[in-house]
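Coordinates in review
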Amino acid sequence: MSYLQVQNISYSYEGKFPALSNISFDVEKGSCLCLAGANGSGKSTLLQIIAACIKPDAGDVCICNDAPPSPKKVSVLRDESARRKIGIVFQEPDNQLFMPTVWEDVAFAIMNKGCAMSEAKAKALNALRAVEAEHLAERPPYKLSGGEKQRAALASVLITFQNNDEHGILLIDEPTAYLDPRARKNFIQLLKKLSCTKIIATHDLDMALTISDEILFLNNGTLAARSPAPGLLSDEVFLQSIGLELPLSSPAPRRFEKLLGLPLCGSCSAIPISDHEPHQPHERIQK
Ligand SMILES: Nc1ncnc2c1ncn2[C@@H]1O[C@H](COP(=O)(O)OP(=O)(O)O)[C@@H](O)[C@H]1O
Ligand SMILES: [Mg+2]
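Read on for a plain summary of the structure. All of these numbers come straight from a predicted model, not from anything done at the bench.

Turning to the environment of tyrosine 11, a few remarks are in order. On the secondary structure map, tyrosine 11 appears in strand β1 (residues 4–13). Given 23 C-beta atoms within 10 Å, tyrosine 11 falls into the buried group. Distance from tyrosine 11 to proline 56, taken between C-alpha atoms, is 5.2 Å for residues 45 residues apart in sequence. If we skip the residues at most four places from it in the chain, tyrosine 11 touches Ala19, Leu20, Thr45, Ile49, Ile54, Pro56 and Asp57.

Turning to the site of ligand 1, a few remarks are in order. Near ligand 1 the following residues occur: Tyr13, Phe17, Ala19, Gly37, Asn39, Gly40, Ser41, Gly42, Lys43, Ser44 and Thr45. At the level of secondary structure, the elements contributing two or more residues to the shell around ligand 1 comprise β2 (17–27) and α1 (43–50). Counted by class, the shell around ligand 1 contains 3 nonpolar, 7 polar and 1 charged residues.

Across 7 bridges, the pairing between β1 and β2 is antiparallel. When the sheet's bridge partners are listed, leucine 4 is paired in β2 with valine 27. Counting the residues that bridge the hairpin from β1 to β2 gives 3 residues, and of these glutamate 14 lies at a positive phi of roughly 50°. The sheet contact formed by β1 and strand β4 (residues 58–63) spans 5 bridges and is antiparallel. Each residue of the ladder has a partner; that of glutamine 5, found in β4, is cysteine 62.

This next bit is on the nonpolar core. Among the nonpolar cores identified, the biggest contains 75 residues, and Val106, Leu128, Ala155 and Ala208 are the most heavily contacted of them. In terms of residue count, the dominant contributor to this core is helix α5 (residues 146–158) (6 residues). When residues of this core are assigned to domains, at least three fall in each of domain 1 (1–85 + 168–179 + 194–287) and domain 2 (92–167). Other than its neighbours up to four places away in sequence, alanine 208 contacts Cys34, Ala36, Thr202, Ile215, Ala229 and Leu233.

Another point: unusual backbone geometry. Put simply, alanine 229 and proline 230 share a cis peptide bond, and its omega is 0°. Residue placement: proline 230 occurs in the loop between β10 (222–228) and α8 (236–241). Non-glycine residue glutamate 132 carries a positive phi angle of around 55°. Along the chain, the position of glutamate 132 falls in the loop between α4 (117–130) and α5. With 15 C-beta atoms counted inside 10 Å, the residue glutamate 132 sits in the partly exposed group. One non-glycine residue, glutamate 174, lies in the positive phi region at around 45°. Of note, glutamate 174 is situated in the loop between β7 (169–173) and α6 (181–193). The exposure class of glutamate 174 is buried, given the 20 C-beta atoms found within 10 Å.

Turning next to α6. Under the 1.5 Å per step criterion, the end-to-end length of α6 is 19 Å for 13 residues, consistent within 8% with the ideal 18 Å. Turning to α6, its buried residues number three or more, namely Arg184, Phe187 and Leu191. The arc enclosing the buried residues of α6, seen along the axis, measures out at 70°, which places them on a common side. Residues of α6 that are exposed and point over 90 degrees away from its buried face: Pro181, Arg182, Gln189, Lys192 and Lys193.

This brings us to the environment of leucine 125. Examined against the element boundaries, leucine 125 turns out to sit in helix α4. Take leucine 125: there are 17 C-beta atoms within 10 Å of it, and that puts it in the partly exposed class. The spatial distance from the C-alpha of leucine 125 to the C-alpha of valine 106 is 8.5 Å, given a sequence separation of 19 residues. Setting aside chain neighbours within four positions, we find leucine 125 in contact with Trp103, Glu134 and Ala137.

Cut-offs used in this document
- Residues numbered from 1 in each chain as written.
- Chains lettered and ligands numbered in written order.
- Predicted model: local features only at pLDDT ≥ 70, side-chain atom pairs only at ≥ 80, totals over all residues.
- Helix = DSSP H or I, 4+ residues; strand = E, 2+ residues; numbered from the N terminus.
- Buried ≥ 20, exposed ≤ 12 C-beta atoms within 10 Å, placed from the backbone.
- Contact = placed C-beta atoms within 7 Å.
- Near = placed C-beta within 6 Å.
- Nonpolar A, V, L, I, M, F, W, Y, C, P; charged D, E, K, R; others polar.
- Pairing = 2+ DSSP bridges.
- Core = buried A, V, L, I, M, F, W, Y, C linked by C-beta atoms within 7 Å.
- Domains from an automatic or database assignment.
- Expected span 1.5 Å × (residues − 1).
- Arc of directions from axis to C-beta.

See the structure below:
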């Protein structure tokens, strides 16, 4: 049974602005799933529904964390140990950093649950170490760079997993949106190292290519396709049909073919474009 199950989710803002329509998928424990889609396709809304920040109009999100497996609805979880398995990093890290120092921000959730300050600080420093940001502990969050804020916000989620990262589900919204190339590369490397299950909303298809096991493509609030990486990331016609472009690091032969106006030999087009094997099967969602 899959670790996370998203079942028939539909949602309209204020009951009149449709954002998501009948979205279903599941996520394996420890895997990395990218939610790809153009602006307004519903990625952020979907993440917030999975995190139970927004209640869907229809459908359920279930987490299956028991042995033997028994799925539980995230929206009605009362059990603290189950609830702390899902954490979200919002697109604007400023929205979740508000304390005078970084370590207090990271420790906020556990101090709120009654953890003593000295223990909370030790745990916050641990979480900051895990994201290679221990040196930021005493800094005021509002003075950090974009990349540093992302790390602080990530640490504030990791601390809630309570050293059980492999059971945690990290939801992260457009993590590379405000990062310069070097910070972006470093942050992607950091995300790759995390052992938790990851769901990443992004239109950065180059990141999706390097980091994801599987990609869900959203289009106008519907699920347009589901594909292992790289799969549809090399399908320019499909990507354009949902408002996206080929990733810059998409297969070199395709790009050269286009530039030169010449087809290259068949063997060239089998060159893998990432750590993943090319030409894996994918599934278009039938309308
Ligand atoms: N607070 C809101 N009130 C009304 N409509 C919203 C709100 N937030 C998002 N939407 C709408 O919901 C749709 C999906 O938005 P969003 O989930 O932010 O997409 P994405 O993250 O893919 O850019 C869009 O049409 C957007 O305009
Ligand atoms: Mg968004």
